Amino acid sequence: MFCATRTPLRGPHCVMDMGIGLWCLQSTATNPRSFEQAYQELVEDARLAENNGIHSLWLSEHHAYYDGYCPALLPAASAALAATEHLEVGTGVLLLPLHEPNRVANAVNLLDAQSQGRFHLGVGMGYRPIEFTMKDELISNRLQLMNSGLDALQTTVSAPTWVGVSSEKAARRAGRRGLGLFISGAFSRDVVNGLIAAHRTEWETSGSPGGTPPPIGLLRNLWIVDTETERRKALEWVRSSYLVYAGLGWGADKTGVDFVSQIEASMDEVERSAKVGSAEEIAEDLDGYDVDLVVCRVGYDQPPRTALVEVIERIGQELLPLVQELGVQR
Amino acid sequence: MRLVLDLRKVSSHSERRRLASEADQHGIWGTVVTGPPGAECVEAAAIAAVTSNLSIIVDVDGDAAHPTTLAEEVAVLDQISRRRAALIFRGQTTTKLSVVALLSGLSSNGVILSPPPAQTSVPVFAPEDMPEVDLEGDLQNSAAIIDQYRDANTPFLIVSWDRPIKELARHLVGRAASPDFPQMVADLADEIDPIE
């Protein structure tokens, strides 16, 4: 039976958890590096996150893209989990229609057992035609493959399961199954709230499967800075990171974000939804979202390593206590 | 001849990790791991994370996966393990040829792996390429078995071993590598530094 979460993340006296993402293990044209280095840094970053009290680290998947975007998240998650003791690791998201569901279930159950329940399975549909072609599938069948995959996992997987969505229709499908929601970082507050409302309403009208409201995870583009110069630089990192999505051909439906046909306008939209500022400013902004987990999207390809390490430390040491304090007050 | 410690029949994950760490520490060349279909590289990646030198051979059911998916998992494992991955492939020849091509950085059916493996080419073995022996008898008997396979020019030997890993390393790794192995040195080492 699916469980959206092992224990309710949010209750009357609970506060928002803070994760980091998305680790894609790329070597991009903007910042080329060795893949071995990228995978070593994944393990180092997992340990760093754990040592700074961060709840979770999230990985992301694509296939056959020039930059080596990670195509096999479960072995990568296994390495991060084996290198840590408390950190939770999730897929944000694994493209379920491109995998054999029974193989995914076997791998997830091993991860769940090996890590004493620290693994989260986030799944999505995928949108790149080439990825379906290389797996001998038709992209036109992706919804059918997604649904049959979720049906298969429903009886075989015990790890918390989330669905990445970019439309209210998809949010409703996740709510109907009682699955957690994993919301993209590029969306405006209005779009985010619309997705959350659609998910919750559908869950309630479907008889509240699982009994506990499924958790909501929100990816947010953010960076902690002290000066205007740093702020401008961080915003450029956020903007340029979406060049990857433009290259991948992502155009989300009805969300105001279409990196295929309106790259500049879309990056402006991303910049507006990003929160770059002091830890206090970011905490106040995040407090306005009714979510259980915020995944701070800091895994951009451009920032130097020292800047990434510093922001992970600051998320754990500065932002996390503020967010939890605001949650308790609320 | 290189020895490969068989962890496929060890049921406890923590025990597999402990044994792999000891094998890594004591200079065993490699280990072979597996799991239910789809979980093989998950198991191997967990072993890779706690070792530095050990070659990690993954025993996979090649017919349970799309060849590209399988090759992607092994390529990622090769990156995680820093060039220590190898494969025992069980399945159809056509699938194996595709996996071998992909894990050599070549195109197969129009697909090229990204990322590619870290190694020039990930070794892909058939099960018959790696004979297996159970070394659960006394040391003298185990030594005779090792001599036999080494003298038959066997490149790799998978061994099941239920005694201290250091004993395997001290008495049999050097013997597997050389017909001139000085057994008296290993015996003397046992007196100087007894293995618990």
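Residues numbered from 1 in each chain as written. Chains lettered and ligands numbered in written order. Predicted model: local features only at pLDDT ≥ 70, side-chain atom pairs only at ≥ 80, totals over all residues. Heavy atoms only, no water.

1. Section: the pattern of salt bridges
Counted only if it meets this: One speaks of a salt bridge when a side-chain nitrogen belonging to Lys or Arg is within 4 Å of a carboxyl oxygen belonging to Asp or Glu. The helix count covers DSSP runs of H or I at least four residues long, the strand count covers runs of E at least two residues long, and both are numbered beginning at the N terminus. The buried label applies to any residue whose accessible area, calculated with a 1.4 Å probe on protein chains only, is under 20% of its type's maximum; exposed applies above 50%, and partly exposed to all values in between.
Counted by the stated rule, this structure contains 36 salt bridges over all chains. Across the pair Arg305(A) and Asp45(A) runs a salt bridge, and its minimum N-O distance is 2.6 Å. Placement of the pair is Arg305(A) in helix H11 (residues 305-329) and Asp45(A) in helix H1 (residues 35-51), with a sequence separation of 260 residues. Put simply, Arg170(B) and Asp190(B) hold a salt bridge, and the shortest N to O gap is 2.8 Å. Separated by 20 residues along the polypeptide, Arg170(B) in helix H6 (residues 165-177) and Asp190(B) in helix H7 (residues 183-192) bring together distant segments of the chain. Here Asp190(B) falls in the partly exposed class, since its relative accessible area comes to 24%. The structure contains a network of salt bridges with shared partners spanning Arg33(A), Glu41(A), Glu44(A), Asp45(A) and Arg305(A).

2. Overview of the interface of chain B and chain A
Put simply, the rule is: What makes two residues a contact is simply this: any of their non-hydrogen atoms within 4.5 Å. Buried area, as used here, totals the accessible surface that two parts lose on assembly, with accessibility defined by a 1.4 Å probe and the loss added over both. Counted as a polar contact is a pair of N or O atoms within 3.5 Å, where, for protein atoms, one must be capable of donating a hydrogen and the other of accepting one, and residues adjacent in sequence contribute only when both atoms are in side chains. Three classes are used: nonpolar for Ala, Val, Leu, Ile, Met, Phe, Trp, Tyr, Cys and Pro, charged for Asp, Glu, Lys and Arg, and polar for all others, with Gly counted as polar.
Taken residue by residue, the interface counts 34 residues in chain B and 33 residues in chain A. Carbon and sulfur atoms supply 58% of the area buried between chain B and chain A, which totals about 2800 Å² over both sides. Considering only the surface of chain B that becomes buried against chain A, Val42(B), Glu72(B) and Ser114(B) emerge as the three largest contributors, covering 21% of it. The interface formed by chain B and chain A includes five salt bridges. Salt-bridge contacts for Glu36(A) lead to Arg83(B); the nearest nitrogen and oxygen are separated by 2.5 Å. The interface formed by chain B and chain A holds 18 residue pairs in polar contact (both at pLDDT 80 or more) in total. Counting only elements with at least two residues in the side of chain B that touches chain A, the list comes to helix H1 (13-26), helix H2 (40-49) and helix H3 (67-80) of chain B. No other element matches the eight residues that H3(B) contributes to the side of chain B that touches chain A. In terms of residue class, the side of chain B that touches chain A is made up of 19 nonpolar, seven polar and eight charged.

3. Considering helix H6 (residues 168-177) of chain A
Residue and element names in this part refer to chain A. Rules: Arc definition: directions from the helix axis to the C-beta atoms.
Three or more residues of H6 are buried, namely Ala-170, Ala-171, Ala-174, Gly-175 and Arg-177. The buried residues of H6 occupy an angular sector of 165 degrees when the element is viewed end-on, so they sit on one face. Directly after H6, the chain includes Gly-178, whose backbone phi takes a positive value near 75 degrees.

4. Section: the sheet that holds strand S6 (residues 132-134) of chain B
Residues and elements named next belong to chain B. Counted only if it meets this: In this analysis, strands are considered paired if DSSP registers two or more bridges between them. Fitting a line to C-alpha atoms yields each axis, with helices limited to the stretch in contact; the angle taken between N-to-C directions then spans 0 to 180 degrees.
In space, the seven strands of this open sheet follow the order S5-S4-S3-S2-S1-S7-S6, with parallel pairing throughout. In this open sheet, the two strands that pair with only one neighbour each are strand S5 (124-125) and S6. Across two bridges, the pairing between strand S4 (residues 85-90) and S5 is parallel. Note on S5: the bridge partner recorded for Ile-88 is Phe-125. Sheet strands touched by H6: strand S1 (2-6) and strand S7 (156-160). Its angle to S1, the strand with the most contacts, is close to 150 degrees.

5. A closer look at empty space enclosed by the protein
Note the following rule: Buriedness of a pocket was judged along seven lines, with at least five required to meet protein on both sides within 12 Å; pockets are open sets of points on a 1 Å grid over the protein atoms alone, cavities are sets where a 1.4 Å probe fits but cannot get out, and lining residues have an atom within 4 Å of a point. Grid points are joined across faces, edges and corners, and a volume is the space filled by probe spheres set on the points.
This structure, assessed with the given rule, holds four cavities of 30 Å³ or more. In this model, the largest cavity occupies a volume close to 100 Å³. Lining of the largest cavity is provided by 14 residues; of these, Leu74(A), His99(A), Arg103(A), Thr69(B) and Glu73(B) occupy positions nearest its centre. Listed by contribution, the elements that provide at least two residues to the lining of the largest cavity are helix H2 (73-82) and helix H3 (101-114) of chain A together with H3 of chain B. Grouping the amino acids of the lining of the largest cavity by side-chain chemistry returns seven nonpolar, three polar and four charged. Reported here for the second largest cavity is a volume of approximately 60 Å³.

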